[in-house]
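# Summary of structural features
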Amino acid sequence: MTTRSADASPYPRLLIDVGAIRRNYARIQSLTGTADVAAVVKADAYGLGAATIAPALADAGAQHFFVANGREGASLRAALGPDPSIFVLHGYWTEDAPLIEASGLIPVINTPGQLQDWLNGSGGDFALHFDTGINRLGIPMSQLAAVQERCAERKPCLVMSHFACADEPGHRLNRDQIDRFAGVRAAFPGVRTSLANSAGCLLGGDALGDLVRPGIALYGGAPGSGKHPFESAVQIEAPILQVRRATRPETAGYGATWCAEGDCMLATVALGYADGIHRAAQNGGYGRLDGIKVPIAGRVSMDLITLDVTSAGDAAHPGAMVSFLGEDLDAFANASGTLAYEVLTRLGARFERVYR
Ligand SMILES: *Cc1c(COP(=O)(O)O)cnc(C)c1O
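Let me sum up the structure you'll find in this document. None of the values given here were measured: they were computed from a predicted structure.

A tally of helices and strands in the protein chain yields 11 helices and 20 strands. With the principal axes as the frame, the protein chain shows a C-alpha extent of 75 × 40 × 35 Å. Considering the protein chain as a whole, with its 356 residues, one finds that 52% of them fall into the buried category. Nonlocal contacts in the protein chain, meaning residues at least 24 apart in sequence, comprise 64% of its contacts between residues at least 6 apart. Accessible surface computed for the protein chain: about 15700 Å², of which carbon and sulfur atoms make up 49%. For the protein chain, the separation between the mean place of its 30 positive charges and that of its 36 negative charges on side chains is 2 Å.

Shown next as structure tokens:
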């Protein structure tokens, strides 16, 4: 029971399946017909490593990429080379002018003031983002006519908007936003349009536009609450450091919140909230040992999680690897009271990241 395999390691690692990400890209392409599929790789490709993933997506056919800010754009340019277009979602800031020029980035302009600054300073491509109802970023619809006029001489290369509720297909705001975006389209005839995030890609039809902008679907997370066709691309492997027996009424972990129901086996793995695992995952989160579900027992601590491995029998021994996320990504996010988006982007720097 305490055998140790020769290649046992005390380090947790993150296995990132680049092939699955490429297949998800192809799946989105087949769902969205003639629309071009961009890749949203902000926040270091949702925490998975844009320097590796973006070139693989370019190889799979992506010619357009979206990042949050200019610095992300500059690193992405270094990874992708000169050809793909890189859009910067957080707007045009004059502080970024040298960086945008040097890296050939396309600012997504979010206010009339940014448009003014850009037209005064640069002859380069730009996109216009209109706020059709999320009230987050983007030019208010009340400014559409004024902005259209400002662009009489120099047209944007893309007009876009962003859904607030695409993850709820029946929500009436989806229809309202599509209708308002039709007004944007009409004001900029011949300019390419972009509306759909991952969940919007699943809405289909007039939710799509010419260029779709999926992020989470590429990485295999659920875009909404329903079933989805995307393959999980991320698995944690955390080694068991120690195994012990516990019997009722023994407890485990800080606060003694978990109590053994009978004779059971506990295994403690090298993984914790410092690696980005939410403490809330203690309420129903689980890993898998040899494919068998092993629930979290007691509180998640900084560098350790204790699991009830009773059902896994002899598979539980020091050095054995317990896997997390993978096909269980959405269930794990749900137990943690959050979404796959937050689970992925919080995965910590301590993991060794292994790409395959
Ligand atoms: C993050 C983001 C996306 C991608 O969203 P997903 O839900 O991950 O597909 C698309 N467009 C904008 C404006 C975003 O901020």
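What follows concerns the site of the ligand. Every one of the 13 residues lining the ligand counts as a neighbour, but Lys-42, Tyr-46, Ser-198, Gly-215 and Tyr-341 are closest to it. In this structure, an oxygen atom belonging to the ligand sits 3.4 Å away from a side-chain N or O atom of Arg-136. Contacts to the ligand include Ile-216, whose backbone N or O atom sits 2.8 Å from an oxygen atom. Protein contacts shield 92% of the accessible area of the ligand, which totals 390 Å² for the unbound molecule.

Moving on: the packing of aromatic side chains. In total, this model carries 6 aromatic pairs according to the counting rule given. The interplanar angle of 40 degrees and the centroid separation of 4.9 Å between the aromatic rings of Tyr-46 and Tyr-219 together place this pair among those described as tilted. A residue pair is termed long-range when its members are at least 10 positions apart, and Tyr-46 in helix 2 (residues 42–46) and Tyr-219 in the loop between strand 11 (211–212) and strand 12 (234–246) qualify at 173 residues. Of the two residues, Tyr-46 and Tyr-219, both sit in the buried class. Taken together, a centroid distance of 4.8 Å and an interplanar angle of 15 degrees make the contact between Phe-66 and Phe-87 stacked. Of this pair, Phe-66 sits in strand 4 (residues 64–67) while Phe-87 sits in strand 5 (residues 85–88), and the two are 21 residues apart along the sequence. Looking at Phe-87, the relative accessible area reads 3%, which means it is buried. Ring-pair connections join several aromatic residues into one group, and the members of that group are Tyr-46, Tyr-219 and Tyr-341. Here the basic side chain of Arg-213 rests over the ring of Phe-66, its NZ or CZ set 5.9 Å away from the ring centre. Sitting above the plane of the Tyr-286 ring, Lys-293 keeps its charged end 4.6 Å from the centroid.

Conventions we followed
- Residues numbered from 1 in each chain as written.
- Predicted model: local features only at pLDDT ≥ 70, side-chain atom pairs only at ≥ 80, totals over all residues.
- Heavy atoms only, no water.
- Helix = DSSP H or I, 4+ residues; strand = E, 2+ residues; numbered from the N terminus.
- Buried < 20%, exposed > 50% of the residue type's maximum accessible area, 1.4 Å probe, protein only.
- Contact = heavy atoms within 4.5 Å.
- Areas by Shrake-Rupley, 256 points an atom, 1.4 Å probe, with all protein chains shown as cover.
- Lys, Arg positive; Asp, Glu negative; His and termini not counted.
- Charge placed at Lys NZ, Arg CZ, Asp CG, Glu CD.
- Near = heavy atom within 4 Å.
- Polar contact = N/O pair within 3.5 Å; in protein donor to acceptor, adjacent residues only side chain to side chain.
- Phe/Tyr/Trp six-rings, centres within 6.5 Å; stacked < 30°, edge-to-face > 60°.
- Lys NZ or Arg CZ within 6 Å of the ring centre and 35° of its normal.

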